[in-house]
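# Observations on the three-dimensional arrangement
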Amino acid sequence: MKLDVALPEGPREAYAYTGGKPFDASRPVVVFVHGALHDHGVWTLAARWFANHGWSALAPDLPGHARSAGAPLESVEAIADWLLAFIDAAGAGRVALVGHSMGSLIALEAAARAAELISHLVLVATAYPMRVSAALLEAARSDPMGAIDSVNTFSHSSLAGKPSYPGPGTWLHGANRVLMRRLQAAQTGTNLFLTDFLACDRYRGGATAAEKVRCPTTMVLGERDQMTFPAEARDLGERLHARTVALGAGHAVMSEAPDDVLHALRQALAP
Amino acid sequence: MPGYANPGFDTLALHAGAAPDPATGARAVPIHLTTSFVFESSEHAASLFNMERSGHVYSRLSNPTNAVLEERVAALEGGSGAIATASGQAALHLAIATIAGAGSHIVASSALYGGSHNLLHFTLSRFGITTTFVAPGDIDGWRAAIRPETRLLFGETLGNPGLDVLDIPTVAALAHEHHLPLLVDSTFTTPWLMRPFEHGADLLYHSATKFLSGHGTVIGGVLVDSGNFDWDAATAATGRFRELTEAYEGFHGMVFSEESTVGAFLLRARREGLRDFGASMSPHTAWLVLQGIETLPLRMARHVENTRKVVAFLAGHELIAQVGYPELETHPDHALAKRLLPRGCGSVFSFDLRGSREQGRTFIESLRLFSHLANVGDCRSLVIHPASTTHFRMDDAALARAGIGPGTIRLSIGLEDADDLVDDLKRALKAAARAGSAPR
């Protein structure tokens, strides 16, 4: 669905996937937040499951990504504000927040900024600080398509993620690569790769945010994650008193282990 | 290996899509010869049907062995995914049927495999899908043939049988200028010789019967999507492709382009085309094609090496009027081939024999290593006379447009010792020469 998000500079159109069901704010709402150079598509299976099992699902495209208008926002804090404005525009009250990678930082920050509105927090493939190497940032500036290839390679832990995502026959490395390249190419005025990765690298509010979070928190980590190493999530997990679920997957945990992620989400969001 | 470096082509040919079987430890890909897959519960069943989970339900739609093949070919092509089909023809039909219906129009190269020409010219026109054929190198012709109802541009990477090299970058740019996808038949080149997506093609397919399986044992096809074509933008600009960008009543009201920005085409192709037309591949066939692909890099190198030796021999022979191989400077697409096919132009080519039809017949029947049959891309060398076999339904004008003469002979060079192949050809050419000088 499309909706106008009220921002200080005026309304901006945003898109959200609703899991194949009309959005119904009277149901429990779960909001899925994608990561850098991604879109709602990384969450479609989970969103469909929840939308068909008593929940309403919202998986927005963040500003400047795929179907949501405008330039990308440059900081985790700014995107968290946008996310809260988006939830408000959708008419949702209390929501569960689920975020992947950069989306996990956005969810964390949003959960801190509006603690009373967040019923559950799930951080998937997270780390804090989410440092990005100087070499990768330089590559993002000078050769973003080449840098995308590197990130794509390091996001996957296997050449045979089964049963694949969103269905059999998808070559996960190829689908992820072309998605990232298309989103990068679509932003003609901005280097989306650099913007997203700088937002991750520069975010310093995680420890403070953790102190403000009031809802039960779960971390879903990929044991073979080479982008956000599980060890780099440990301190944040302790600060959040989070339950941690480790899955046999890499950073692309939703596509490499979709059933395991769904199981973890069902447990995390159980009443 | 995975995750630490970007795997190369030869590695992907062996490993993409496959890992040791978690249930048994089997290292080779198991053949899952089963129609169906047990549900864990009613809820599990419902969620699989409703695309809330990924997994296998029924082997017409997907199968674990087929999925390995699909992922592997997609990996080798640099695509986002693939669908294995019952034949190359089924792959072509699936591609067209996914985005075209009655009233739709296709612009296609005139230099096509005869079966593809039949499908487009005769069969699909019965269902309201018409095709305009243009010479593959006539870019103005491609442009002029595009209509508001056009859904697809289509050609072969190397045209059959004259090996016209499709100028994929130019035709793709033209297609995209009109918000249309370019589909190519990549059978003759395989991803080892050319990866069409890197040149701008959007969709491709293989007759896996040929080089991918490589041993002349199975019939199969694979349809691959680059994931690169923006169906939503095309709909917004032209109103076309609503079958991918608007709710489809035939599958839970799903909007395929919302389900996946890069996978919309294959989602519809599988959930409608495979489901309803049912031209799916047997898992046993998928396994045999996978066996072939594991040695594809080795075989293609040898195919090309042998072909170069045979071409060099034929090009210097007095009984040969011309050899149509793009690596020769005499081929009209020589320069394009150097640019798009630096590893070689495959192992299927045609030549024209001087002399009578009787000499042509004598030549073919005198060959001993070359098998006279209707196939290409076998590990064994093959020969055929296109005008009387693969292209026999085409009239003289259509044959001429496809670059086929009455004396054209097509060879598919296999993996035998090249010297033995040349000896076989020498012997047959001598017999043909004698037939020409014999009293009638």
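Computed from a prediction, not measured in an experiment: that's the story for all the values here.

Further remarks concern the overall build of chain B. When helices and strands are tallied, chain B shows 18 helices and 12 strands. In terms of overall size, chain B behaves like a compact globule, its C-alpha atoms giving a radius of gyration of 22 Å where 440 residues would be expected to give roughly 22 Å. Seen along its three principal axes, the alpha-carbon backbone of chain B occupies a region of about 80 × 55 × 40 Å. By the burial criterion, 55% of the 440 residues in chain B qualify as buried. Within chain B, contacts between residues at least 6 apart in sequence are counted, and of these 72% link residues at least 24 apart.

Our next topic: the overall build of chain A. When you go through chain A residue by residue, the secondary structure sums to 11 helices and 8 strands. On C-alpha atoms alone, chain A measures out to a radius of gyration of 17 Å, which is about the 18 Å that the 2.2 N^0.38 rule sets for 271 residues. With the C-alpha coordinates of chain A rotated into their principal frame, the extents come out at 45 × 40 × 40 Å. Residues counted as buried form 60% of the 271 residues belonging to chain A. Considering only contacts within chain A whose residues lie at least 6 apart along the sequence, 75% involve residues at least 24 apart.

Attention shifts here to helix α4 (residues 88-99) of chain B. Since the α-helix packs 3.6 residues into each turn, any two residues three or four apart lie on the same face. All names here are of chain B. In a regular helix each residue adds 1.5 Å, so 12 residues correspond to 16 Å; α4 covers 18 Å between its end C-alpha atoms and thus fits that length. For α4, the buried fraction is high: 12 of the 12 residues fall into the buried class. Along α4, the residues classified as buried are Gly88, Gln89, Ala90, Ala91, Leu92, His93, Leu94, Ala95, Ile96, Ala97, Thr98 and Ile99.

Our focus in this paragraph is the confidence of the model for chain B. When pLDDT is averaged along chain B, the result is 94; 98% of the residues meet or exceed 70. Both confidence scores are given for the complex: pTM 0.96, ipTM 0.97.

So, about the nonpolar core. Ranked by size, the top nonpolar core spans 220 residues in total, and within it Val31(A), Leu97(A) and Val98(A) carry the most contacts. Here the element with the most residues in this core is helix α2 (residues 76-90) of chain A; it accounts for 9 residues. When residues of this core are assigned to domains, at least three map to each of domain 1 (9-291) and domain 2 (297-437) of chain B. The contacts of Val98(A), once residues within four sequence positions are left out, are Val30(A), Val31(A), Phe32(A), Val33(A), Ala107(A), Val122(A), Val124(A) and Leu265(A).

Listed as interface residues are 43 residues of chain B and, on the opposing side, 39 residues of chain A. Secondary structure elements with two or more residues in the side of chain B that touches chain A: α3 (64-77), β1 (81-85), α11 (256-259) and α12 (264-277) of chain B. The dominant element in the side of chain B that touches chain A, judged by the number of residues it contributes, is α3(B), at 5 residues. Within the side of chain B that touches chain A, the residues separate by chemical class into 14 nonpolar, 22 polar and 7 charged.

Residues and elements named next belong to chain B. Counting buried positions over the 5 residues of strand β7 (residues 221-225) gives 5, a clear majority of the element. Of the two faces of β7, the one lined by Gly221, Leu223 and Asp225 and the one lined by Val222 and Val224 are each fully buried. Inspection of the sheet shows β1 paired to β7 by 5 bridges, in the antiparallel sense. Looking at the pairing, Ala82 lines up with Val224 of β7. With 5 bridges joining them, strand β6 (residues 203-207) and β7 adopt antiparallel strand pairing. Within the sheet, the bridge partner assigned to Tyr205 lies in β7 and is Leu223.

Counting through the fold element by element, Gly360(B) comes out in helix α16 (residues 357-366). In this structure Gly360(B) touches Leu353(B), His385(B), Gly407(B) and Ile409(B), once residues within four positions along its chain are discounted.

This part covers the domain arrangement of chain B. Residues and elements named next belong to chain B. In terms of domains, chain B is made up of domain 1 (9-291) and domain 2 (297-437). When each unit is reduced to the centre of its C-alpha atoms, the spacing between domain 1 and domain 2 is 29 Å. With 29 residues of domain 1 at the interface, the matching set in domain 2 holds 35 residues. Elements with a contribution of two residues or more to the side of domain 1 that touches domain 2: α1 (9-15), α5 (114-126) and α8 (190-193).

Let us look at the packing of α4(B) against α12(B). Two measures define how a pair of helices packs: the angle their axes make with one another and the distance between the axes. Residues and elements named next belong to chain B. Interaxial distance between α4 and α12 falls to 9 Å at its minimum, and their mutual angle equals 110 degrees. Comparing the axis directions of α4 and α12 gives the class roughly perpendicular. For the pair α4 and α12, the contacting residues are Leu94, Ala97 and Thr98 in the first and Phe265, Arg268, Ala269, Gly273 and Phe277 in the second. By residue class, the composition of the contact of α4 with α12 is 5 nonpolar, 2 polar and 1 charged.

Residue and element names in this part refer to chain B. Pairing is mixed across the open sheet formed by 7 strands, whose spatial order is β1-β7-β6-β5-β4-β2-β3. The open sheet has two edge strands with one neighbour each: β1 and β3 (130-134). Averaged over all pairs of adjacent strands, the angle between their axes in this sheet comes to 20 degrees, without regard to strand direction. The strands that α4 touches are β1, β2 (105-109), β4 (150-156), β5 (182-185), β6 and β7; relative to β7, the one it contacts most, it runs at about 35 degrees. Each of β2, β3 and β5 is contacted by α5, which is oriented at about 145 degrees to β3, the strand it contacts most.

Moving on, we get to unusual backbone geometry. Most peptide bonds are trans, and most residues other than glycine sit at a negative phi. Residue and element names in this part refer to chain A. Between Tyr128 and Pro129 the backbone carries a cis peptide bond, its omega angle lying at -10 degrees. As for its placement among the helices and strands, Pro129 is situated in the loop between β6 (118-124) and α4 (134-142). The omega angle of the peptide bond from Lys162 to Pro163 is 0 degrees, so this bond is cis rather than trans. Looking at the element boundaries, Pro163 is found in the loop between α5 (144-155) and α6 (172-186). Positive phi outside glycine occurs at His241, with the angle close to 55 degrees. With respect to the helices and strands, His241 occurs in the loop between α9 (234-240) and β8 (243-247). The exposure class of His241 is exposed, given the 10 C-beta atoms found within 10 Å.

Residue and element names in this part refer to chain A. Read from one edge to the other, the open sheet built from 8 strands follows the order β1-β2-β4-β3-β5-β6-β7-β8, with strand pairing classed as mixed. Where the open sheet ends on each side, the last strands, each with one partner, are β1 (2-7) and β8. The mean inter-strand angle of the sheet, taken between neighbouring strand axes irrespective of direction, is 25 degrees. Looking at chain direction, strand β2 (residues 10-17) and strand β4 (residues 56-60) are connected through 2 bridges and run antiparallel. From the neighbouring strand, Tyr17 faces β4, where its bridge partner is Ala59. Lying over the sheet, helix α3 (residues 102-113) contacts β3 (29-33), β5 (95-100) and β6, oriented at roughly 150 degrees with respect to β5.

Moving on, we get to the pairing of β6(B). With 5 of 5 residues buried, β6(B) is to be regarded as a mostly interior element. Burial along β6(B) is two-sided: the face carrying Leu203(B), Tyr205(B) and Ser207(B) and the face carrying Leu204(B) and His206(B) are both buried.

The subject of this paragraph is the packing of α4(A) against α5(A). Residue and element names in this part refer to chain A. In the contact formed by α4 and α5, the axes pass within 6 Å of each other and the chain directions differ by 140 degrees. Taken as axis vectors, α4 and α5 run oblique relative to one another. Contacts between α4 and α5 involve Leu136, Ala139 and Ala140 from the former and Pro144, Gly146, Ala147 and Ser150 from the latter. Tallied by class, residues from the contact of α4 with α5 come to 5 nonpolar, 2 polar and no charged.

Cut-off values and rules
Residues numbered from 1 in each chain as written. Chains lettered and ligands numbered in written order. Predicted model: local features only at pLDDT ≥ 70, side-chain atom pairs only at ≥ 80, totals over all residues. Helix = DSSP H or I, 4+ residues; strand = E, 2+ residues; numbered from the N terminus. Rg over C-alpha atoms; globule rule 2.2 N^0.38 Å. Buried ≥ 20, exposed ≤ 12 C-beta atoms within 10 Å, placed from the backbone. Contact = placed C-beta atoms within 7 Å. Expected span 1.5 Å × (residues − 1). pLDDT = per-residue confidence, 0-100. Core = buried A, V, L, I, M, F, W, Y, C linked by C-beta atoms within 7 Å. Domains from an automatic or database assignment. Nonpolar A, V, L, I, M, F, W, Y, C, P; charged D, E, K, R; others polar. Pairing = 2+ DSSP bridges. Axes fitted to C-alpha atoms, helices over the stretch in contact; angles between N-to-C directions. Parallel < 35°, antiparallel > 145°, perpendicular 65-115°, else oblique.

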